[in-house]
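# Summary of structural features
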There are 2 protein chains.
Amino acid sequence: MKKLIMCAGLLLLPMLSNAQEQRSDDYVEYRQAAFNVMGWHFKKMGAMIQGRIPYDAVEFKRRAVAVSMLSALPSEGFLPETQKTELPTRLKPEMWYQKERFDKYMQDLIQATAELASQAGMEDKDDLRPAFGKAARQCKTCHDRFRESN
Amino acid sequence: MKKLIMCAGLLLLPMLSNAQEQRSDDYVEYRQAAFNVMGWHFKKMGAMIQGRIPYDAVEFKRRAVAVSMLSALPSEGFLPETQKTELPTRLKPEMWYQKERFDKYMQDLIQATAELASQAGMEDKDDLRPAFGKAARQCKTCHDRFRESN
């Protein structure tokens, strides 16, 4: 009877491992989706700052508040198990050996986007340049170190 | 000279159309990403409500607030031009003939998730069942009508 239970346990292993893999890919897709949505709103703000689309204080504020909230979301997608994913990812593997630095970058991003959201709403977009620039540099700092450039 | 300018204009056309297509696909990817992130947090709340993972009032509140904000984001991805996308999408084409109803569903979702977020934080998760159920039904109503089931 004990042997039968052990056999049943072994038979279950591939199923569990398969489920685990699926779950791991969900984490990758989730964090990529969170960055996609954050980037979408960030780029629209950038286009306003750079004058490529008309500046609208209310729209800018709405996007800045969204980005501020969104910045806290991707972190939970960086589960160590996702290192084994076969999904395309631009994450450099060395991030996993510098996780503390990565987490610090994410915290700095949360801080910078919160500042931008609190300042957003100003009539003159030029007054928002410093806060926008700080948040943009925060994105770039992390991308330069932990994201493949291609 | 005029002819040369016209020729140059014609040469530019495919590039512009390509850029337009790219942009249209960006909209599709954006709205799918927004739904992915919203679904991620909604499912975690569902798992707590159903007892599949331990209930944590603070975590539930954090996710409910995120979903409430996220619910306002996908709408801008439903650009009419995206009907021509070749990306895989589960959106039923008839949505485009019932856009008012779709917009109403999205507004109802914003309302239902705002109610859930305002109630979240309660010690007893059973007190959250009605608000969670209402938000979940709002998702389902729209999926049943406008999302392919496969």
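## Some details on the overall build of chain A
Scanning chain A from terminus to terminus reveals four helices and zero strands. Its helices and strands taken in sequence order, chain A reads α-α-α-α from the N to the C terminus. Sorting the 150 residues of chain A into buried and exposed places 38% on the buried side. As displayed, chain A has an accessible area near 9,100 Å², and 58% of this comes from carbon and sulfur atoms.

## Quick look at the packing of helix α2 (residues 57-70) of chain B against helix α3 (residues 99-119) of chain B
Residue and element names in this part refer to chain B. Across the interface, α2 lies against α3 with an axial gap of 8 Å and an inter-helix angle of 155°. Relative to α3, the element α2 lies roughly antiparallel. Handedness of the crossing formed by α2 with α3: left-handed. Residues F60, K61, A64, V65, V67 and S68 of α2 pack against T113, A114, L116, A117 and S118 of α3. Residues belonging to the contact of α2 with α3 are distributed by class as follows: seven nonpolar, three polar and one charged.

## Things to note about the confidence of the model for chain A
Summary statistics for chain A give a mean pLDDT of 89 and a share of 85% for residues scoring 70 or more. Below a pLDDT of 50 lies the segment residues 1-21 of chain A, which in the model reaches one contact outside its immediate sequence neighbourhood of four places, other chains included.

Reading guide: rules and limits
- Residues numbered from 1 in each chain as written.
- Chains lettered and ligands numbered in written order.
- Predicted model: local features only at pLDDT ≥ 70, side-chain atom pairs only at ≥ 80, totals over all residues.
- Heavy atoms only, no water.
- Helix = DSSP H or I, 4+ residues; strand = E, 2+ residues; numbered from the N terminus.
- Buried < 20%, exposed > 50% of the residue type's maximum accessible area, 1.4 Å probe, protein only.
- Areas by Shrake-Rupley, 256 points an atom, 1.4 Å probe, with all protein chains shown as cover.
- Axes fitted to C-alpha atoms, helices over the stretch in contact; angles between N-to-C directions.
- Parallel < 35°, antiparallel > 145°, perpendicular 65-115°, else oblique.
- Left-handed = near helix turned anticlockwise from the far one by under 90°.
- Contact = heavy atoms within 4.5 Å.
- Nonpolar A, V, L, I, M, F, W, Y, C, P; charged D, E, K, R; others polar.
- pLDDT = per-residue confidence, 0-100.

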